[in-house]
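So you can see what is in the structure, the chains are spelled out below.
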Amino acid sequence: MRFRHPDGSTVHVAYCTNVHPAETLDGVLAQLRDHCEPVRRCLGRDRLGIGLWLAKDAARTLITDPVALRGLRAALDRRGLEVVTLNGFPYEGFGAEEVKYRVYRPDWADTERLAHTTDLARLLTALLPDDVTEGTVSTLPLAWRTGFDERAAATAAAALTTLSRRLDALEELTGKSIRVALEPEPGCTVETTADAIGPLTALPGDRIGVCVDTCHLATSFEDPATALADLETAGVVIPKAQLSAALHAEEPHRPEVRDALAAFAEPRFLHQTRTLTPGGLRGTDDLGEALAGDALPDDAPWRAHFHVPLHAPPAPPLTSTLHVLQEALALLVGGVRPRTRHLEVETYTWQALPPELRPRTRTQLVDGIAAELALARDLLTGLGLKELP
């Protein structure tokens, strides 16, 4: 979806296709047919933005086969879909029965991460709509924190510097400007927006910035106003933001609250859990670990990295951090100029919800994704943006 900001610029809104597992190009094309086009039709729109996820094998097919790339672009056009942003965080296997720590490999100390991200940037220049010259790619925040030493950090910094120069050259060659955004996430080397400032200000130019994911922001109990102000003061750009909500438990000491949380502890994804104490942020790598004993103090609210559907918060005694999304969104696009022009709804956990909350049919999933996008649309028009055809 496209929206006109009061300053005259266009803000793009998409939903991320990592909710539909596909490792190959054929799988991606099936996604467009079975999910993305039906979501567009459900919303009653002629055109819908998608944040495309291209796994390693799909990306390599497109890089090595120009005919296949033209075919993907034609399929997007035929189905009324457009791509201005790619989700480059997961590399492969995101639809596996157990993802957990695997999603952080390869990291930015591995040459394959640079190669894959370069491929994605090249592909995006060919997939951008004819009237759009700026694209974005989100990526993992350097690495998972453990095992990432000074040598790995130096290797990652060198890789990002190389990427920045490649993006400069790509614009000279194609006329398309691609920016890459590190996505701070709990448990990673760059867990918060504050953690991103040092590594990013050391890089040349402004090709690489931050992807503000509002679920991650909330899970780490970051204040949106402070986080965004600090990024602006440091001169760190925000190429992209992901609209998402975390799981919130106000009173985790209560047995009924723990029982409700336990229903969200599942085997596929990590659900890093955090609480804010007088001594600072405390956390565990997964929700089950937090529930298993006294790993976390339970006299203050807990938040878990579980992307709950925006329009359907969990039933009491749990809730979501939608209010953090709303506050961040107002700061991102509600001012005299937008801090970012690419927004992506990223709820990839529909099939990881407790069984009674999961969509049981393709139609139910389509309806749910459309409802999330409708909520995002309403929030944006409430901030004064005008929906475009």
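The coordinates are above.
Residues numbered from 1 in each chain as written. Predicted model: local features only at pLDDT ≥ 70, side-chain atom pairs only at ≥ 80, totals over all residues. Heavy atoms only, no water.

Chemist: I would appreciate a short explanation of the overall build of the chain in the present structure.
Modeler: Tallying secondary structure elements over the chain gives 12 helices and 15 strands in all. In terms of overall dimensions, the chain has C-alpha extents of about 55 × 50 × 45 Å along its principal axes. Sequence separation of 24 or more characterises 79% of the internal contacts of the chain that already satisfy a separation of 6 or more. When the accessible surface of the chain is totalled, it reaches about 15000 Å², and 50% of it is carbon and sulfur. (Helix = DSSP H or I, 4+ residues; strand = E, 2+ residues; numbered from the N terminus. Contact = heavy atoms within 4.5 Å. Areas by Shrake-Rupley, 256 points an atom, 1.4 Å probe, with all protein chains shown as cover.)

Chemist: How do you make sense of the sheet that holds strand β11 (residues 280–284) when you look at a structure like this?
Modeler: Sheets are built from strands that pair by backbone hydrogen bonding, the pairs being arranged parallel or antiparallel. Spatial ordering of the open sheet is given by β11-β10-β12-β9-β13, a layout of 5 strands whose pairing is antiparallel. On the outer flanks of this sheet lie β11 and β13 (318–320), each paired with one strand and no other. Direction aside, neighbouring strands of the sheet carry axes that sit 30° apart on average. In this structure, strand β10 (residues 273–277) lies alongside β11, joined through 5 bridges in antiparallel fashion. Of the residues in β11, the one forming a bridge with Thr277 is Gly280. (Pairing = 2+ DSSP bridges. Axes fitted to C-alpha atoms, helices over the stretch in contact; angles between N-to-C directions.)

Chemist: How should the pairing of strand β8 (residues 240–243) be read in this particular structure?
Modeler: Here β8 shows two buried faces, one formed by Lys240 and Gln242 and the other by Ala241 and Leu243. Bridging between strand β7 (residues 208–213) and β8 involves 3 bridges; their strand directions are parallel. Directly across from Val212, in β8, lies its bridge partner Ala241. (Buried < 20%, exposed > 50% of the residue type's maximum accessible area, 1.4 Å probe, protein only.)

Chemist: Can you walk me through the environment of Leu114 in this structure?
Modeler: In this fold, Leu114 is placed in helix α4 (residues 111–127). Considering only alpha carbons, one finds Leu114 and Ala159, 45 residues apart in sequence, at a separation of 6.3 Å.

Chemist: Got a minute to help me understand the pattern of salt bridges in this structure?
Modeler: Close approach of charged atoms lets side chains of opposite charge pair. Going through the model one piece at a time under the given rule, you end up with 28 salt bridges. Of the charged contacts in the structure, one is a salt bridge between Asp130 and Arg73, with a shortest N-O distance of 3.0 Å. Remark: Arg73 occurs in helix α3 (residues 66–78) and Asp130 occurs in the loop between α4 and β5 (134–139); sequence separation between them is 57 residues. The exposure class assigned to Asp130 is exposed, which follows from its relative accessible area of 68%. Under the relative-accessibility criterion, Arg73 is labelled buried at 17%. The salt bridge involving Asp378 is made with Arg377; its shortest N-O contact spans 3.6 Å. Arg377 sits in the partly exposed class, given a relative accessible area of 21%. When salt bridges that share partners are traced, they join Arg2, Arg47, Glu82 and Asp131 into one network. (Salt bridge = Lys/Arg side-chain N within 4 Å of Asp/Glu carboxyl O.)

Chemist: Explain the pairing of strand β3 (residues 48–52) to me, please; I cannot follow it from the model alone.
Modeler: Consecutive side chains of a regular strand alternate in pointing toward one face of the sheet and then the other. The element β3 is largely enclosed, with a buried count of 5 among its 5 residues. Alternating residues of β3 divide into Leu48, Ile50 and Leu52 and Gly49 and Gly51, and every residue in both groups is buried. As paired strands, strand β2 (residues 10–16) and β3 are joined by 3 bridges and run parallel to one another. Bridge pairing links Tyr15 to Ile50 in β3. Direction of pairing for β3 relative to strand β4 (residues 81–87): parallel, over a ladder of 4 bridges. What sits directly across from Leu52, in β4, is Leu86.

Chemist: I keep staring at unusual backbone geometry and nothing clicks. Help me out?
Modeler: Between Arg105 and the following residue, Pro106, the backbone shows a cis peptide bond with an omega angle of -10°. Not every positive phi belongs to a glycine, and Leu142 is a case in point at roughly 75°. Within the secondary structure layout, Leu142 lies in the loop between β5 and α5 (150–174). Judged by relative accessible area, Leu142 falls into the buried class, the value being 7%.

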